[in-house]
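Chain residues, written in single-letter form:
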Amino acid sequence: MNKLSKIMASATAFMYLLATNVNATAFDTTDFSTENTAADTIMGKIAGFVKPIAAILIFGSVLMIGFEIIMKRNKADDRMNSMTSLMWVGIGTLVIAFAALIASFIFGSAAA
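Residues numbered from 1 in each chain as written. Predicted model: local features only at pLDDT ≥ 70, side-chain atom pairs only at ≥ 80, totals over all residues. Heavy atoms only, no water.

Student: For this particular structure, what's the right way to read the layout of surface pockets?
Tutor: Its boundaries defined by the atoms lining it, the largest pocket holds a volume of some 230 Å³. Considering the residues around the largest pocket, the lining is formed by 14 residues, among which Ala47, Val50, Lys51, Ile96 and Ala100 are closest to the centre. Secondary structure elements with two or more residues in the lining of the largest pocket: helix 2 (38–71) and helix 3 (76–107). The element that contributes the greatest number of residues to the lining of the largest pocket is helix 2, accounting for 8 residues. Along the lines of polarity and charge, the residues of the lining of the largest pocket split into 13 nonpolar, no polar and 1 charged. (1 Å grid on protein atoms, 1.4 Å probe; cavity = no way out; pocket = protein on both sides within 12 Å on 5 of 7 lines; lining within 4 Å. Points joined across faces, edges and corners; volume = space filled by probe spheres on them. Helix = DSSP H or I, 4+ residues; strand = E, 2+ residues; numbered from the N terminus. Nonpolar A, V, L, I, M, F, W, Y, C, P; charged D, E, K, R; others polar.)

Student: Explain the pattern of salt bridges to me, please; I cannot follow it from the model alone.
Tutor: Should their charged atoms come close, side chains of opposite charge can pair. As enumerated under the stated definition, the model contains 1 salt bridge in all. With a shortest N-O distance of 3.8 Å, Lys72 and Glu68 are connected by a salt bridge. (Salt bridge = Lys/Arg side-chain N within 4 Å of Asp/Glu carboxyl O.)

Student: Is there a simple way to think about the environment of Phe107 in this case?
Tutor: By secondary structure assignment, the location of Phe107 is in helix 3. Expressed as a C-alpha distance, the spacing of Phe107 and Thr37, which sit 70 residues apart in the sequence, is 9.4 Å.

Student: I would appreciate a short explanation of the confidence of the model for the chain in the present structure.
Tutor: In low-pLDDT regions, the fine details of the predicted coordinates are not to be read closely. Looking at the chain as a whole, the pLDDT averages 76, with 63% of positions reaching at least 70. The lowest-confidence element of the chain is helix 1 (residues 2–17), averaging 66 in pLDDT; the highest-confidence one is helix 3, averaging 85. (pLDDT = per-residue confidence, 0-100.)

Here it is as structure tokens:
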């Protein structure tokens, strides 16, 4: 029975290696994002306003925490708290980036 299961497993693995022809069919590539709706316009304006502010705030936060780490170089516990806050800034940056990515998917290229 053990020999038969090895043969069947080998045959299954061999079947995955066989090359076959792929039928690639044409699909409709109509671009529906060309419609300029009110939501697209509003999201585009909001994104244009919020992105530079978010970048400045993130840069300022990292800069301030960097100075805190330098100033507290001799105090291990305080320095560790500063490094923890740097981690939270990174997590917040990821949340902002994912929110922008989701908004760009929902509202098209206006929010990108």
